[in-house]
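Next come the chains, spelled out residue by residue.
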Number of protein chains: 2
Amino acid sequence: MVTLEVPEVRPSIGNVQEAIGAMGRAARAAARVLANAPRARKDAALEAAAVAIRDRLPHILEANARDVENARAHGLSEAGLDRLRLDEARTGSIATGLEAVAALDDPVGAEIARWRRPNGLDIARVRTPLGVVGVIYESRPNVTADAGALCLKAGNASILRGGSESFASSKAIHECLVLGLEDAGLPKAAIQRVPTTDRAAVGAMLAMAEHIDVIVPRGGRSLIERVQREARMPVFAHLEGLCHVYLHAAADPARARAIAFNAKMRRVSVCGAAETLLCDRAAAASLLPPILDDLAAAGCEIRGDAATRALDPRVVEATEADWRTEYLEPIIAVRQVEGLDAALEHIDAFGSHHTDAIVTEDVAAAARFLAEVDSAIVVHNASTQFADGGEFGMGAEIGISTGRMHARGPVGVEQLTSFKYLVRGHGQTRP
Amino acid sequence: MVTLEVPEVRPSIGNVQEAIGAMGRAARAAARVLANAPRARKDAALEAAAVAIRDRLPHILEANARDVENARAHGLSEAGLDRLRLDEARTGSIATGLEAVAALDDPVGAEIARWRRPNGLDIARVRTPLGVVGVIYESRPNVTADAGALCLKAGNASILRGGSESFASSKAIHECLVLGLEDAGLPKAAIQRVPTTDRAAVGAMLAMAEHIDVIVPRGGRSLIERVQREARMPVFAHLEGLCHVYLHAAADPARARAIAFNAKMRRVSVCGAAETLLCDRAAAASLLPPILDDLAAAGCEIRGDAATRALDPRVVEATEADWRTEYLEPIIAVRQVEGLDAALEHIDAFGSHHTDAIVTEDVAAAARFLAEVDSAIVVHNASTQFADGGEFGMGAEIGISTGRMHARGPVGVEQLTSFKYLVRGHGQTRP
């Protein structure tokens, strides 16, 4: 994750506390309207926003060019600039993303469960919106559209606070969302954007528990830590994705090779990328060499324990700090373990409860791993890089939560809802 | 709810921070064992605890008698003494309550959903324990058994901090729970009791986010407010149950009469008791008089708006404060409204989002009320006093949550769990 390298953008919005407070009250009022808005109206807003994004392509690209220029002048890395940059294809993806969210089933009002009591009471559990969602994010401009759209679909108002790098791009995209809302006759305050990157605005949001029901931070470690420390409302976040691939002695060598390489190298910067490879000592001599070859050939630095260094001279020494490090880079830590229990112990001690995988043909070992690893996503014989709402079939996600409360794993539209009980009777009184 | 009237009990437990910290670490270690404990072992612990409670009846009653004597000496009200007092029947109910929790389905490992992706990945969402639950409660000694048992069944370790009134009773009951744990070979630290009512222990619990995953406060308003203000972890709580019964113009008079009376008077001290009766002005002259007769005959004080006072001279004047008051006493506020929209507005403005009911034979009006009232439980043609985990068929509850996150409404064993995703593949890598 990129941390802020571009200075704050502080248009004059008067007193930050007051401005954020006014946004909160407007969001709460909009949330009341959204909670009872029919599906067709929410979808119409998203579809109109997609049209607006296509219509305003030149304007969006011009705004983005200013962001990129500004970020380059302030020394943002090439990787950071790439994440920031929009072109016609990427902007088109933002529009089709809005349409994809519109096409999702409406979660609001959906029956999760329904049963009848012996006294004849009919009890249904149905989804409701959460209320107001605050999203605090850095860099990528598409988050403005994705987060706003997911919140709207789930019947929630949102307050979006993007980073300074993508300030102009986010503003241009947000304008399209507002056009969509107006077009569909929904309140403009359904998706609001904080028009400053003054960090005091973040503090004001985190304190405003009466008007923001949940905060979703997306960004670097310091942002997440600040939000978790200061927020007076629940937070859906993951601090880090320290994901493991464990090669059990009964792993199929071809599967182990393909999965280990994909889990690390498909994209090294995503939270589902593997950071540590564990391998049963008994099978290390047969399983590891081709995997280490693949990794080394792809330019991945390999840090290993003594046993792994003994196998391959390209492996440099790993220290305990390596078991605790989310590299998000082409670096992998490799450790040999004495079987399943030792692997479970390592993952419990050093993992971040995000996504962990076992590769084995041993059904009992797989079952134990699935049952005992306490992570949001536990995988058998597949890559950790499937840790993604889209890959799970949720359509889109606002992030992945490593918390245990309410939302765990990919946070899609359903996870952005609450629920209530509907009790239908015919005059029942309680004895 | 009774607020603390009995002085703190402060046995010497050394430094409170250190003592609570040690309990937290022990709970975390116990939670790891419980998370993978088979159902039979958890149930055996609960059944053995029930046996111990029956075996130790004289000891428990003797401890309770000391509590009652102490509370009486410190001026606890008769209602408070009644809540505190145990006899053979009530103690027997505690034992059968433990057996009832043992008989519930084990939520841990239960599949909530399962689907297959086009690439062949099999994804299951299964219940897991939450971890460590802190329960902070006042007065009633049975909470020690109920809360400890529900947490254990859901695979959670618990740290129970009871009030000073029931200090000796809770200690005696807790000893039985520990005997059950030992008997079943589970760690004693699976259900711990804070051996002091020093309020500093509450502060230490609320700060210990690394070892307590969720806090459940049960007690008076000042306790709940303190917990919501100070807790550094999620809280399952309801501040108050300001429940409404709304008599729509198309209400069946007999149903309206029975439901209104039951909702208020069955038990006035429970959170699901109605506090405000709303009635469509057009039907007030026909619907209200028999209801006001019933309430007055049962000794309920009636506070009403001008229109209601004009109907019945026994009605005293209600002020706006009455619309905002959770009486928990035989007092009811009555207001006439101009139809469904006005009723919805009143409930939104003054309610506590706990439980609200409409009485009507008009299907469309009922549907709008169920959809639009933003409360944990919304009822059509039945009493608000059904707001209870047992009445919902959940077996038992640790409380009712008016929050929107994770648990809303009755908090039973399922609400005391989290979940994780199990992804089963056959070598899939992400393209």
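Only a predicted model underlies this, so the values are computations on that prediction, with no experimental measurement involved. (Residues numbered from 1 in each chain as written. Chains lettered and ligands numbered in written order. Predicted model: local features only at pLDDT ≥ 70, side-chain atom pairs only at ≥ 80, totals over all residues.)

A. Layout of the domain arrangement of chain A. Domain assignment breaks chain A into domain 1 (16–236 + 411–421) and domain 2 (243–386). Taking the mean C-alpha position of each, domain 1 of chain A and domain 2 of chain A sit 35 Å from one another. (Domains from an automatic or database assignment.)

B. Summary view of the relation of the copies chain B and chain A. Superposition of chain B onto chain A requires a rotation of 180° combined with a translation of 0.0 Å along the rotation axis, giving an RMSD of 0.0 Å. These values place the two chain copies in the arrangement generated by a two-fold rotation axis. By C-alpha distance to the rotation axis, the residue of chain B lying nearest is His406 of chain B, at 2.0 Å. Take the interface residues of chain B: 100% of them recur as interface residues in chain A, which is what a same-surface contact looks like. (Least-squares fit on C-alpha atoms with pLDDT ≥ 70 in both. Contact = placed C-beta atoms within 7 Å.)

C. Representation of the interface of chain B and chain A. Taken residue by residue, the interface counts 54 residues in chain B and 54 residues in chain A. Of all the secondary-structure elements, those providing two or more residues to the side of chain B that touches chain A are β2 (122–129), α10 (253–265), α15 (363–372), β13 (377–382) and β16 (417–428) of chain B. In terms of residue count, β16 of chain B provides more of the side of chain B that touches chain A than any other element does, eleven residues in total. Broken down by class, the residue content of the side of chain B that touches chain A amounts to 23 nonpolar, 19 polar and twelve charged. As paired elements, strand β13 (residues 377–382) of chain A and β16 of chain B share five bridges and run parallel to each other. (Helix = DSSP H or I, 4+ residues; strand = E, 2+ residues; numbered from the N terminus. Nonpolar A, V, L, I, M, F, W, Y, C, P; charged D, E, K, R; others polar. Pairing = 2+ DSSP bridges.)

D. View of the sheet that holds strand β9 (residues 301–304) of chain B. Reading across from one edge, β1(A)-β2(A)-β16(A)-β13(B)-β12(B)-β7(B)-β8(B)-β11(B)-β9(B)-β10(B) is the order of the ten strands in this open sheet, with mixed pairing throughout. Each edge of the sheet is formed by a strand with only one pairing partner; in this case those strands are β1 (111–116) of chain A together with β10 (316–317) of chain B. Strand direction decides the pairing type here: strand β2 (residues 122–129) of chain A and strand β16 (residues 417–428) of chain A, joined by eight bridges, are antiparallel. Looking across to β16 of chain A, one finds that Thr128 of chain A is bridged to Ser418 of chain A.

E. Spotlight on the sheet that holds strand β5 (residues 191–193) of chain B. Residues and elements named next belong to chain B. One open sheet accounts for four strands, arranged β5-β4-β3-β6; its pairing is parallel. Here the strands that pair on one side only, and so sit at the sheet edges, are β5 and β6 (214–218). Going across the sheet, the axis of each strand differs from the next one's by a mean of 20°, ignoring polarity. Across three bridges, strand β4 (residues 157–161) lies against β5 in parallel orientation. Residue pairing for β5: Leu160 is matched across the bridge by Arg193. Along the sheet, helix α1 (residues 16–35) makes contact with β3 (132–137), β4 and β5, crossing β4 at roughly 145°. (Axes fitted to C-alpha atoms, helices over the stretch in contact; angles between N-to-C directions.)

F. A look at the packing of helix α2 (residues 39–55) of chain B against helix α6 (residues 142–153) of chain B. Residue and element names in this part refer to chain B. With their axes 10 Å apart at the nearest point, α2 and α6 run at an angle of 165° to one another. Of the possible angle classes, the one that applies to α2 and α6 is roughly antiparallel. With respect to the hand of their crossing, α2 and α6 are arranged in left-handed fashion. Seen from α2, the contacting residues are Lys42, Ala45 and Leu46; seen from α6, they are Ala149, Leu152 and Lys153. In the contact of α2 with α6, the residues fall into four nonpolar, no polar and two charged. (Parallel < 35°, antiparallel > 145°, perpendicular 65-115°, else oblique. Left-handed = near helix turned anticlockwise from the far one by under 90°.)

G. Structural view of the confidence of the model for chain A. With 97% of its residues at a pLDDT of at least 70, chain A reaches an overall mean of 94. This prediction of the complex comes with two scores: 0.91 for pTM and 0.92 for ipTM. (pLDDT = per-residue confidence, 0-100.)

H. Geometry of the packing of helix α6 (residues 142–153) of chain A against helix α7 (residues 167–183) of chain A. Residue and element names in this part refer to chain A. Here α6 crosses α7 at 30°, and the two axes come no closer than 8 Å. One finds that α6 runs roughly parallel with respect to α7. At the point where α6 passes α7, the crossing takes the right-handed sense. Note on element contacts: α7 touches α6 through Ser170, Ile173, His174 and Leu177, opposite Thr144, Ala145 and Gly148. Residues that form the contact of α6 with α7 fall into these classes: three nonpolar, four polar and no charged.

I. Highlighting the nonpolar core. Core analysis: the biggest nonpolar cluster contains 136 residues, and Ala49, Leu98, Leu150, Met205, Ile215, Val245 and Leu247 of chain A have the highest contact counts within it. Take this core: its biggest share by element is eight residues, from α7 of chain A. Filtering out sequence-adjacent residues up to four positions away, Leu98 of chain A remains in contact with Leu46, Ala49, Ala50, Ala145 and Ala149 of chain A. Formed by 135 residues, the second largest nonpolar core is a distinct cluster that contains Ala52, Cys151, Ala284 and Ala376 of chain B. (Core = buried A, V, L, I, M, F, W, Y, C linked by C-beta atoms within 7 Å. Buried ≥ 20, exposed ≤ 12 C-beta atoms within 10 Å, placed from the backbone.)

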